[in-house]
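Examination of the molecular architecture
As a plain string of letters, each chain reads:
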Amino acid sequence: MIRFNRIVGFFVASMAATAVAGCTAQVEDDAVPEDVAQAEQAFDVVTCGVDPPTATFVGGIDYLSNRSYNDCYKGLILDVTNYETGFTPKPPGNSYLLTKVTWADAYPGNEAACESLWMEVYLYKEVNGVMVHQQTETRHGAWTDLFGCLVGYPTISFTGLDAGAKYRVAATAREGSALRKMHVKTEWSYYP
């Protein structure tokens, strides 16, 4: 009888240990995702203005991100020197240079997930060797019955930048707290 009780006790203890381990694993899998409002505050103007750049370009930018950038708290920092002057020759006609930031990742197929999408972009201009914040643009996912999920509409774009100056674009794209791809590109556009 004593041996039977020991065997039953062993099985009960084993089952309890397995249940505890299962609960622990479940807590880790269901970890609370980062709050979007807190993430937006953590990606901040000051840090992005002083951190070193992810990449540096001359004249204009053409950068397609991956999902693993992490400068200035889950952001990417792109510097451009000699803006416009070092870019391809200006085309004839009424053209102007713009730098735009667009969502370059998949869109969710439902309204709730769409509303968890957001992009934030800071523009800086170098003044006396210091990156000075010029503008902030934020876009959140919006669901439409006709087009489904949209984010980054209207397009985030910067125009009227001074030729020859140094600028910085700091950006993040997220689905909740998960990083998403984006494309930062300088290109010529035309006045109608």
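For the structure, check the block above.
Residues numbered from 1 in each chain as written. Predicted model: local features only at pLDDT ≥ 70, side-chain atom pairs only at ≥ 80, totals over all residues. Heavy atoms only, no water.

1. Quick look at the packing of aromatic side chains
The line we're drawing: Any two of the Phe, Tyr and Trp rings considered here, Trp counted by its six-membered ring, make a pair once their centres fall within 6.5 Å; the pair's planes then place it as stacked at under 30 degrees, edge-to-face at over 60, or tilted in between. Secondary structure is summarised from DSSP: a helix means a run of H or I of at least four residues, a strand means a run of E of at least two, and numbering begins at the N terminus for each. Exposure is judged per residue with a 1.4 Å probe applied to protein chains only, and the accessible area is read against the type maximum: over 50% gives exposed, under 20% gives buried, and values in between give partly exposed.
Following the criterion strictly, the structure yields six aromatic pairs and no others. Relative to Tyr63, the ring of Phe57 lies with its centre 6.4 Å away and its plane at 80°, an arrangement referred to as edge-to-face. Judged by centre distance (5.5 Å) and plane angle (70°), the rings of Tyr83 and Tyr167 are edge-to-face. Of this pair, Tyr83 sits in the loop between strand 3 (76–81) and strand 4 (95–103) while Tyr167 sits in strand 10 (residues 167–175), and the two are 84 residues apart along the sequence. A residue is classified by how much of its surface remains accessible, and Tyr83, at 1% relative accessible area, is buried.

2. Re a nonpolar patch on the surface
Just so we agree on the cut-off: Each patch groups residues whose relative accessible area exceeds 30% and which form no salt bridge, using 9 Å between like charges and 5 Å between nonpolar side chains of Val, Leu, Ile, Met, Phe, Trp and Tyr. Only the protein chains shown count as cover for residues, and the accessible areas themselves come from Shrake-Rupley with a 1.4 Å probe. Salt bridge criterion: a side-chain nitrogen from Lys or Arg within 4 Å of a carboxyl oxygen from Asp or Glu.
Where nonpolar side chains cluster on the molecular surface, the patch consists of Val127, Val130 and Val132 and spans about 210 Å² of accessible area. Along the chain, the position of Val127 falls in strand 5 (residues 117–127). For Val127, a relative accessible area of 38% gives the class partly exposed.

3. Points about the sheet that holds strand 2 (residues 62–64)
Applicable threshold: Two strands pair if DSSP finds at least two bridges between them. Under this scheme, a helix contributes an axis fitted over its contacting stretch, all axes are lines through C-alpha atoms, and angles between N-to-C directions fall in the 0 to 180 degree range.
One open sheet holds the four strands; their spatial order is 2-12-4-9, and the pairing between them is antiparallel. The sheet is open, and its two edges are formed by strand 2 and strand 9 (156–159), each paired on a single side. Each strand of the sheet is rotated relative to its neighbour by a mean of 25°, with strand direction disregarded. Of the pairings in the sheet, the one linking strand 4 to strand 12 (residues 182–190) comprises nine bridges and is antiparallel in character. Across the sheet, the residue bridging to Thr99 is Thr186, located in strand 12.

4. Side note on the pattern of salt bridges
A complete count under the given rule lists eight salt bridges for this structure. The salt bridge partner of Lys166 is Asp79, with a shortest N-O separation of 4.0 Å. Pair noted here: Lys166 is in the loop between strand 9 and strand 10 and Asp79 is in strand 3, with a separation of 87 residues, a long-range link. Accessibility expressed as a relative area gives 3% for Asp79, which makes it buried. Two residues, Glu126 and Lys166, come together in a salt bridge whose shortest N-O distance is 3.8 Å. With Glu126 in strand 5 and Lys166 in the loop between strand 9 and strand 10, this pair connects stretches of sequence that are 40 residues apart. Residue Glu126 is classed as partly exposed on the basis of its relative accessible area, which comes to 32%. Exposure remark for Lys166: the relative accessible area of 24% places this residue in the partly exposed category. Salt bridges here are not isolated pairs; linked through shared partners, they connect Asp79, Glu126, Lys166 and Arg168.

5. So, the state of the cysteines
The cut-off we apply is this: Cysteine sulfur atoms are paired as a disulfide whenever they come within 2.5 Å of each other.
What the rule picks out here adds up to two disulfides. What pairs with Cys48 in a disulfide is Cys72, and their sulfur atoms sit 2.2 Å apart. Given an S-S torsion of about 85°, the disulfide between Cys48 and Cys72 has right-handed geometry. Taken together, the residues Cys48 in helix 3 (residues 45–50) and Cys72 in the loop between strand 2 and strand 3 connect sequence positions 24 residues apart. In this structure, Cys48 and Cys72 share a single accessibility class: buried. Counting its disulfide-bonded cysteines in sequence order, the chain shows a connectivity of 1-2, 3-4.

Nothing here speaks to function; it is all geometry.
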